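This is what each chain is made of:
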Amino acid sequence: MGLFLGSAHYLLAGVVFALLVRALLGKKAIRRNGEPLRNPPDTLPLVGNGIQFLQPRWNLLSWFDRCQRQFGYETLALTVPTLPPSVLIHDPKNLDYVFKHEGLFTKGNFVKTRSWDLFGNGIINADGDFWKLQRKAGLSFLNTANLRVLTDVALPQYLSESVKELEAAKPDQVVDLQDVFHEITTKLMGKMAYNMEMHFSSPFSSSFDHASGCTAQRFQNPLYPLTEFFFGHKFRQSISTVKKFGLEIVSRAMRDAKSISSSPPPSTSPDDEKLDSISGSLIHSLLSAIPDSPSTVADAALTYLSAGRDTTGQALTWTFYLLLSHPEVLAKIRDEVRGVLAREQAPLDTTSSSLPFSPTVLTPLSAPYSLAVFYESLRLYPPIPFEIRQAQAATTLPDGTFLPKDSVLVWCLWAMQRSRLTWGEDADQFRPERWLDENGTIKHKGAAEFPVFYGGARSCLGRKMAEGIAVQVIPVVAWGWEFEGAWEGGQERRSGDSLTLPMEGGLPVFVRRRGETTGR
């Protein structure tokens, strides 16, 4: 459904939008080697690309893809009324320059004013000392020892609990795999980062998802202050719910710190002791780093929660969407599992456990094909499909494009990761083998070619966490169950409005156990 289509505020926005067309007249063209940049397809007189940005988000992503297919690595001019001079880049060399000059290309006021209500001083918006403090807390949380507890203790436990929904499903019952995967990542982040029991079905989750969608629309709708004034009641309610939850995380952590120091809770098993020893480590690190500002700690906590919960859960959802139409890839995952179990002499579980085998034998090293499947899914369906930065000073990109101060720079991962110039003629195909060398070892791409984990000083802290989750969840679920799409018409699944890439309507499937614990 379009941003305004079928609603009264579409007409209102259209009228006011026309009044703002004159804003274009005062803009100077951005140039490359002295010549004005070319315009993208469908650029209109006066309104420029403004109409494109008012389209449904899925259509906007398709338009970005058209741009790179038509112009290759060429930098293009983006023109939207009320926005600063802007460019769309496709060349990995230009993106590498951005990554290497993080202080020059920041989120800037353009991004911060739009995302502030949701993320505040969280690491997404933070610069300078605030950013360094939050980054340090994240590094402390995602250290090697904590990641080992995640893969050896927490993930097997929560994976086992979440797949019980698959286990209990009747032949004619529809299960939403997106909910299943988000429940796993929500539980993991809740316990390990904040020492809280969290569930994806909570009121916070629905409020955050709505607020994220409205925040994303701010980047497409230049008149969002006006439309939110008239139609933003639910958005404001959602923001209030999200903020209250963030402060609840902080206040609970402060209470826990006092109670634990006076009487540490008993552990019931060695695994519980390991998990309890690191639970809440992120929120306590944030409180230590920023002791005098609970609201800032809450902003940081919510940002990390979104990054750790949503992006990985969505990536797993798109992975199984692709696997539904690629049975040959599914078969290779199962072959890899068979090989790992044989090498590790790990038996199939014939007990009452819902997991067919212990997932701890699966690592990025032992299961490279499963990791390649995950990477290939991230390439085609990046959880953050486009990025925006603002130049803090005038500069020149490697291709000769001169960017004046405050100009906006956009790159669309959705489009760049489908580029035939970078990925070959089969760039549109789902082919995990492109990530493996002749020995079956993972081939890594540079951040400028595969920017899904960003690059430079702000590279993704959670990459190893996401990889560790993926190489357990994908093989275990693929080995234990068969799936059949349960949505009407078998049409292409699309993403809804969000800052990330959730599957609109989830991933409804019919589920069947594969030969019980034998994996037949």
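Residues numbered from 1 in each chain as written. Predicted model: local features only at pLDDT ≥ 70, side-chain atom pairs only at ≥ 80, totals over all residues. Heavy atoms only, no water.

Labelled according to an unreviewed UniProt entry, the chain appears under the name Cytochrome P450 E-class, group I, originating from Podospora comata.

A. Highlighting the side chain of T317. Within the secondary structure, T317 sits in helix α15 (residues 294–324). When neighbours within four sequence positions are excluded, T317 is seen to be in contact with L177, Q178, F181, M503 and L507. (Helix = DSSP H or I, 4+ residues; strand = E, 2+ residues; numbered from the N terminus. Contact = heavy atoms within 4.5 Å.)

B. Looking closely at helix α7 (residues 144–162). For α7, built from 19 residues, the straight-helix expectation of 27 Å at 1.5 Å per residue is met to within 8% by its first-to-last C-alpha distance of 25 Å. Of all the bends found along α7, the most pronounced is centred on L150 and spans about 40°. The N-cap residue of α7 is N143: its side-chain oxygen and the backbone nitrogen of A145 are 3.1 Å apart. (Expected span 1.5 Å × (residues − 1). Bend = angle between axes of the 7 residues up to and from the residue. Polar contact = N/O pair within 3.5 Å; in protein donor to acceptor, adjacent residues only side chain to side chain.)

C. Geometry of helix α4 (residues 92–100). Turning to α4, its buried residues number three or more, namely P92, N94, L95, Y97, V98 and F99. Buried residues along α4 sit against β5 (105–106), β8 (395–396), β10 (408–412), α18 (413–416) and α19 (420–423). Capping the start of α4 is the job of one residue whose side-chain oxygen sits 2.9 Å from the backbone nitrogen of K93: D91. (Buried < 20%, exposed > 50% of the residue type's maximum accessible area, 1.4 Å probe, protein only.)

D. Region of interest: the side chain of D176. Tracing the chain through its elements places D176 in strand β6 (residues 174–176). R493 provides the closest opposite charge to the buried, salt-bridge-free D176, at an N-O distance of 7.0 Å. The residues contacting D176, other than those within four sequence positions of it, are G505, G506, L507 and P508. (Lys, Arg positive; Asp, Glu negative; His and termini not counted. Salt bridge = Lys/Arg side-chain N within 4 Å of Asp/Glu carboxyl O.)

E. Examining the pattern of salt bridges more closely. Scanning the model with the defined rule gives 34 salt bridges in all. Measuring nitrogen to oxygen at the nearest pair gives 4.0 Å for the salt bridge that ties D256 to R252. A residue pair is termed a helical-turn pair when its members lie 3 or 4 positions apart in one helix, as D256 and R252 do in helix α12 (residues 233–262) at four residues. Residue classification places D256 among the buried residues on the basis of a relative accessible area of 18%. Across the pair R514 and E482 runs a salt bridge whose closest N-O atoms are separated by 3.6 Å. Taken together, the residues span a long stretch of sequence, with R514 in the segment after β12 (508–513) and E482 in strand β11 (residues 481–485) at a distance of 32 residues.

F. Summary view of the sheet that holds strand β4 (residues 86–88). Strand order across the open sheet formed by five strands is β3-β4-β10-β7-β5, with mixed pairing between neighbours. In the strand order of this sheet, the two ends are held by β3 (76–78) and β5, each with one partner. Two strands pair when backbone bridges link them, and β3 and β4 are joined in this way by three bridges, in the antiparallel orientation. Counted as the bridge partner of L78 is S86 from β4. (Pairing = 2+ DSSP bridges.)

G. Layout of the sheet that holds β11. Sheet architecture is open: three strands sit in the order β6-β12-β11, paired in antiparallel fashion. Each of the sheet's edge strands pairs with one partner strand only, and the pair in question is β6 and β11. Shown here is a sheet whose adjacent strand axes are inclined to one another by a mean of 50°, direction ignored. As defined by bridge partners, β11 adjoins β12 across five bridges and the pair is classed as antiparallel. Within β12, the residue paired with E484 across the bridge is F510. Sheet strands touched by helix α9 (residues 177–194): β6, β11 and β12. Its angle to β6, the strand with the most contacts, is close to 40°. (Axes fitted to C-alpha atoms, helices over the stretch in contact; angles between N-to-C directions.)

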